[in-house]
Amino acid sequence: MTETGTGTAFPAPVLGIDVGGSALKGAPVDTRTGTLTAARLLVPTPRPATPAAIAATVAGMARHFAWQGPLGCGIPAVVRDGRAGTAANIDHSWIGTDVGALFGAATGCPVTVLNDADAAGLAEMRFGAGKGQRGTVILVTIGTGLGTALFHDGVLVPNTELGHLRLPGDLVAEHFASAAAKRREQLDWPAWAGRLNLYLGQLDAFFSPDLIILGGAISGDFAAFSPGLSLRAAVCPALLGNDAGIVGAALAAAPPP
Ligand code: BGC
């Protein structure tokens, strides 16, 4: 879809929505530059976070922006052909839901759905810390859970779910090293960095990435915890911060140029 306001064709913005455990975040995105074209909207995640309740919230957000064009949505689940395949930190009724059809019916817009970490990864690879990076890159979003996006030479391998890796001691990585675990167990930076290092060390050993990008709000504190990381791969914080999920969701829904 193009608009021709200045005589030159340019793509219309795409609405990106990031469905998180505590809030849904959304904004229209200029997919050529990765910038938001309006102030982002934050709406608390409804409880229980059922597909119907989230669909109603997404529809309200689309109405807020008077949206009629394409809409991309990142959700914290494996997504195949618009259908959710898992539900680790969300209501179990998501499993098997055709999220693309549900959100499409609720908003009246063409909807593209993908995993939330994959969305953040697409944005970081196009506009952020992974821009121009060849080889193997893993983006880890650190929040309620641990989300991952795996790229090789810029190409995404979707739905990797490496936050569910088992660590020595049969610990589930995201229960042990997420931002939620830090808060829940009141870990200080060195203690939590030690846990994160153990987890990232497994990714380092199994995938030999060239670069690991750390996302999620906590990546803003990279200076506080990075002294506790000791990995073979290069590690850096995400550049788009909390907007990566919104921008990547919009990229996934952008019509081809
Ligand atoms: C989910 C992933 C998601 C991650 C971050 C995990 O619990 O299984 O699909 O990407 O949380 O939200």
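Residues numbered from 1 in each chain as written. Predicted model: local features only at pLDDT ≥ 70, side-chain atom pairs only at ≥ 80, totals over all residues. Heavy atoms only, no water.

1. Side note on the overall build of the protein
What the protein contains, in helices and strands, is eight helices and 17 strands. Relative to the compact-globule value of 18 Å for 257 residues, the protein shows a C-alpha radius of gyration of 18 Å, a close match. Expressed as a percentage of the 257 residues in the protein, the buried residues total 53%. Look at the contacts in the protein between residues 6 or more apart in sequence, and 61% of them connect residues 24 or more apart. (Helix = DSSP H or I, 4+ residues; strand = E, 2+ residues; numbered from the N terminus. Rg over C-alpha atoms; globule rule 2.2 N^0.38 Å. Buried < 20%, exposed > 50% of the residue type's maximum accessible area, 1.4 Å probe, protein only. Contact = heavy atoms within 4.5 Å.)

2. Details of helix 3 (residues 116-127)
The terminal C-alpha atoms of helix 3, which comprises twelve residues, lie 17 Å apart, in line with the 16 Å expected from a rise of 1.5 Å per residue. Those residues of helix 3 that sit buried are Asp116, Ala117, Asp118, Ala119, Ala120, Gly121, Ala123, Glu124 and Met125. Between the side-chain oxygen at the start of helix 3 and the backbone nitrogen of Ala117 there is a gap of 3.0 Å, and the oxygen is on Asn115. (Expected span 1.5 Å × (residues − 1). Polar contact = N/O pair within 3.5 Å; in protein donor to acceptor, adjacent residues only side chain to side chain.)

3. Notes on the pattern of salt bridges
Evaluation of the coordinates by the stated rule reveals eight salt bridges. Salt-bridge contacts for Arg83 lead to Asp98; the nearest nitrogen and oxygen are separated by 3.8 Å. Of this pair, Arg83 sits in strand 9 (residues 83-84) while Asp98 is found in the loop between strand 9 and helix 2 (99-107), placing the two residues 15 residues apart along the sequence. (Salt bridge = Lys/Arg side-chain N within 4 Å of Asp/Glu carboxyl O.)

4. Some details on the domain arrangement of the protein
Taken as a whole, the protein is organised into domain 1 (2-118 + 244-253) and domain 2 (129-239). The gap between the C-alpha centroids of domain 1 and domain 2 is 24 Å. With eleven residues of domain 1 at the contact, the number on the domain 2 side is 13 residues. Between domain 1 and domain 2, a total of about 800 Å² is buried, with carbon and sulfur atoms accounting for 47% of that surface. When the buried area of domain 1 at its contact with domain 2 is split by residue, Asn89, Ala117 and Asp118 rank highest and sum to 58% of it. At the junction of domain 1 and domain 2, the tally comes to zero salt bridges. For the pair domain 1 and domain 2, the interface holds three residue pairs in polar contact (both at pLDDT 80 or more). By residue class, the composition of the side of domain 1 that touches domain 2 is five nonpolar, four polar and two charged. (Domains from an automatic or database assignment. Buried area = accessible area lost by both parts, 1.4 Å probe. Nonpolar A, V, L, I, M, F, W, Y, C, P; charged D, E, K, R; others polar.)

5. Observations concerning unusual backbone geometry
Each neighbour pair has its own omega, and for Arg47 with Pro48 the value is -10°, a cis peptide bond. Its place among the elements puts Pro48 in the loop between strand 6 (41-44) and helix 1 (51-64). We note that Ala66 has phi near 50°; this positive angle belongs to a residue other than glycine. Tracing the sequence through the fold places Ala66 in the loop between helix 1 and strand 7 (71-75). Unlike most non-glycine residues, Asn159 shows phi in positive territory, near 60°. As for its placement among the helices and strands, Asn159 is situated in the loop between strand 13 (155-157) and strand 14 (166-167).

6. Topic: helix 8 (residues 244-253)
An α-helical segment advances 3.6 residues per turn. Residues three or four places apart therefore align on the same side. The buried fraction of helix 8 is high, at nine of ten residues. Residues of helix 8 that are buried include every one of Ala244, Gly245, Ile246, Val247, Gly248, Ala249, Ala250, Leu251 and Ala253, and no others. If you follow the buried residues of helix 8, they end up packed against strand 3 (14-19), strand 4 (23-30), strand 5 (35-36), strand 7, strand 10 (111-115) and helix 3.

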